[in-house]
Amino acid sequence: MPELPEVETMRRGILGIVGAKVRGATPLPSPRKPIRIESAAAELAETIKGKKVQAIDRLGKRVVVRLSGDLSLVFEPRMTGLVLVADPPSQEHLRFRLDLTGCPIRSVYYWDRRGLGSVRLVSNEKLAAELVGNKLGPDALVISPKELQERLGSSQRAIKVALLDQKAVAGVGNLYASEILHLAGIHPGKACRKLKTAEWQEVHRRLLEVLHLAIEHEGSTLSDGTYRNALNKAGGYQNQHRVYDREGEACVLCTSQVIVRIVQAQRATFYCPGCQTLRKKR
DNA sequence: ATTAATGTTCAGAA
DNA sequence: TTTCTGAACATTAA
């Protein structure tokens, strides 16, 4: 489930390795399936050795470790990936270890239960070409209300579905899309092109509000408990959820209606039928 | 004991 | 061009 707040938390969790030097890298073969490491394991380990960690960036839902030599080590957690400095939840799904020298953090681990995620070593040039303005739109924390409207305003898609489009705006995922629209008072099934400018401004305002608050709480750890910060600690924002995974519970805003679960584009959406209507009304 | 559901991304189809 | 569907994977709930 790592979405922007969780990935940002991972990024912050390894900021302490900036300035360190790479002692070695070990892609750990999974007992069942080969790990999803792009370059050959030995080759990656050889190339990365001795490189200096210059910065830690985030590109949408990816953590980017910038290395000397114009290289980037890119962690893409997808569903169940974790970037850790503490010992991983289990040895079993440990996929990758980065060993460092010159900082208190000895190792960074990539652990991924389902193994849908990946660790890649790519040149900055190639990474930029692949992601920036190509696969990924402007970051959700940076995009302006105007730009958000420009990018989605003419789409016929439901607003909830469109917010998940990383090419339109990068970082919003399934959980936060529901939360954002609830606070904005907009029905998740409303077609983008039906939204007025004032509504786009409200979506944008609530988007920032929700994402920043979720980052403060170090993300959401859902009932399956998978997501953890870099210290292997659960996040706290799940306790602030107003609609996500709250089907049947009373809406905390209107208190008169009950949260409903629907499916859009094969994903769960939660909303309050009282606060979030298709027509303007408010 | 099967089957569905989980959420992100991509390839390929409509 | 835009939008939709299924698959990738591992684990758990039904």
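Look above for the structure.
Residues numbered from 1 in each chain as written. Chains lettered and ligands numbered in written order. Predicted model: local features only at pLDDT ≥ 70, side-chain atom pairs only at ≥ 80, totals over all residues. Heavy atoms only, no water.

**Quick word on the overall build of chain A**
The condition is simple: Numbering of helices and strands runs from the N terminus, with a helix taken as a DSSP run of H or I at least four residues long and a strand as a DSSP run of E at least two residues long. Computation of the radius of gyration draws on C-alpha atoms alone. For the globule rule, the value is 2.2 Å times the number of residues to the power 0.38. In this description, contact between two residues means that some pair of their heavy atoms is separated by no more than 4.5 Å. The protein chains shown are the only cover counted for residues, whose accessible areas, like all others here, come from Shrake-Rupley with a 1.4 Å probe. The charge count treats Lys and Arg as positive and Asp and Glu as negative. His and the chain ends do not count. Note that the charge is assigned to NZ on lysines, CZ on arginines, CG on aspartates and CD on glutamates.
Broken down by element type, chain A carries 7 helices and 10 strands. In terms of C-alpha radius of gyration, chain A reaches 20 Å, essentially the compact-globule figure of 19 Å for 282 residues. Considering only C-alpha atoms, chain A reaches an extent of 60 × 35 × 30 Å along its principal axes. For chain A, restricting intrachain contacts to residue pairs at least 6 apart in sequence, the fraction spanning at least 24 positions comes to 64%. For chain A, the computed accessible surface area is about 12,900 Å², with 48% contributed by carbon and sulfur atoms. For chain A, the distance from the average position of its 44 positive side-chain charges to the average position of its 29 negative side-chain charges is 3 Å.

**Structural notes on the sheet that holds strand 4 (residues 71-76)**
Rule in force here: Whether two strands pair depends on DSSP finding at least two bridges between them. Axis angles are defined between N-to-C directions and span 0 to 180 degrees, where every axis is a line fitted to C-alpha atoms and, for a helix, only to the segment in contact.
Strand order in the open sheet made by the 4 strands is 2-3-4-8, with antiparallel pairing throughout. The sheet is open, and its two edges are formed by strand 2 (53-59) and strand 8 (118-123), each paired on a single side. Here the strands of the sheet are splayed against their neighbours by 20 degrees on average, with no regard to which way each runs. Of the pairings in the sheet, the one linking strand 4 to strand 8 comprises 6 bridges and is antiparallel in character. Opposite Leu73, over in strand 8, you have Leu121 as the bridge partner. Along the sheet, helix 1 (residues 4-13) makes contact with strand 2 and strand 3 (62-67), crossing strand 2 at roughly 175 degrees. Set on the sheet, helix 3 (residues 124-131) makes contact with strand 2, strand 3, strand 4 and strand 8; between it and strand 8 the angle comes to about 115 degrees.

**A look at the packing of helix 4 (residues 145-152) against helix 7 (residues 197-216)**
The criterion, for reference: In this scheme the crossing of two helices becomes right-handed for a clockwise turn of the near helix relative to the far one and left-handed for an anticlockwise turn of less than a right angle. Each residue gets one label: Ala, Val, Leu, Ile, Met, Phe, Trp, Tyr, Cys and Pro are nonpolar, Asp, Glu, Lys and Arg are charged, and the others, such as Gly, are polar.
Running from N to C, helix 4 and helix 7 cross one another at 115 degrees; their axes reach a closest spacing of 9 Å. With respect to the hand of their crossing, helix 4 and helix 7 are arranged in right-handed fashion. Residues Pro145, Leu148, Gln149 and Leu152 of helix 4 form the contact with helix 7, whose participating residues are Thr197, Trp200, Gln201, Val203 and His204. Grouping the constituent residues of the contact of helix 4 with helix 7 by class yields 5 nonpolar, 4 polar and no charged.

**As for the environment of Leu253**
Residue position: Leu253 is located in the loop between helix 7 and strand 9 (260-264). When the C-alpha atoms of Leu253 and His182 are compared, they prove to be 9.2 Å apart, with 71 residues separating the residues in sequence. Residues in contact with Leu253, not counting those within four places in the same chain, are His182, Leu183 and Cys275.

**Focus: the protein's contact with DNA strand B**
Selection rule: When we say a residue is near a molecule or strand, we mean one of its heavy atoms is within 4 Å of it. Side-chain atoms alone can form a polar contact between residues adjacent in sequence; in general such a contact is a pair of N or O atoms within 3.5 Å, and within protein one must be able to donate a hydrogen while the other accepts it.
Every one of the 17 residues lining DNA strand B counts as a neighbour, but Met79, Leu116, Tyr244, Arg261 and Arg267 are closest to it. One of the side-chain N or O atoms of Glu3 is found 2.9 Å from a phosphate oxygen in DNA strand B. Counted by class, the surface near DNA strand B contains 5 nonpolar, 3 polar and 9 charged residues.

**As for unusual backbone geometry**
Quick reminder of the rule: The buried label applies to any residue whose accessible area, calculated with a 1.4 Å probe on protein chains only, is under 20% of its type's maximum; exposed applies above 50%, and partly exposed to all values in between.
The phi dihedral of Glu218 is positive, around 60 degrees, even though this residue is not glycine. For Glu218, a relative accessible area of 32% puts it in the partly exposed group. With a phi angle near 60 degrees, Thr255 is a residue other than glycine that sits in the positive phi range. Turning to its location among the elements, Thr255 is positioned in the loop between helix 7 and strand 9.

**Side note on the packing of aromatic side chains**
Worth spelling out the cut-off: Ring pairs shown here join Phe, Tyr and Trp side chains whose ring centres sit within 6.5 Å, with only the six-membered ring taken for Trp; geometry is labelled stacked below 30 degrees between planes, edge-to-face above 60, and tilted in between.
A full pass over the atoms with the stated rule returns 4 aromatic pairs. When the ring of Tyr244 is compared with that of Phe270, the centres are 5.2 Å apart and the planes differ by 70 degrees; the resulting orientation is edge-to-face. Pair noted here: Tyr244 is in the loop between helix 7 and strand 9 and Phe270 is in strand 10 (residues 267-271), with a separation of 26 residues, a long-range link. Counting every residue linked through ring pairs, the aromatic cluster contains Phe75, Phe96 and Tyr110.

**Digging into the protein's contact with DNA strand C**
Near DNA strand C lie 10 residues; those nearest to it are His93, Arg113, Arg114, Leu116 and Gln156. Considering DNA strand C, the proportion of its atoms within 4 Å of the protein that are sugar or phosphate atoms stands at 64%. Take Gln156: an N or O atom from its main chain is 3.0 Å from a phosphate oxygen of DNA strand C. Within the side chain of Gln266, one N or O atom sits 3.3 Å away from a base nitrogen of DNA strand C. Classifying every residue of the surface near DNA strand C gives 1 nonpolar, 4 polar and 5 charged.

The quantities given are spatial measurements derived from coordinates; they are silent on function.
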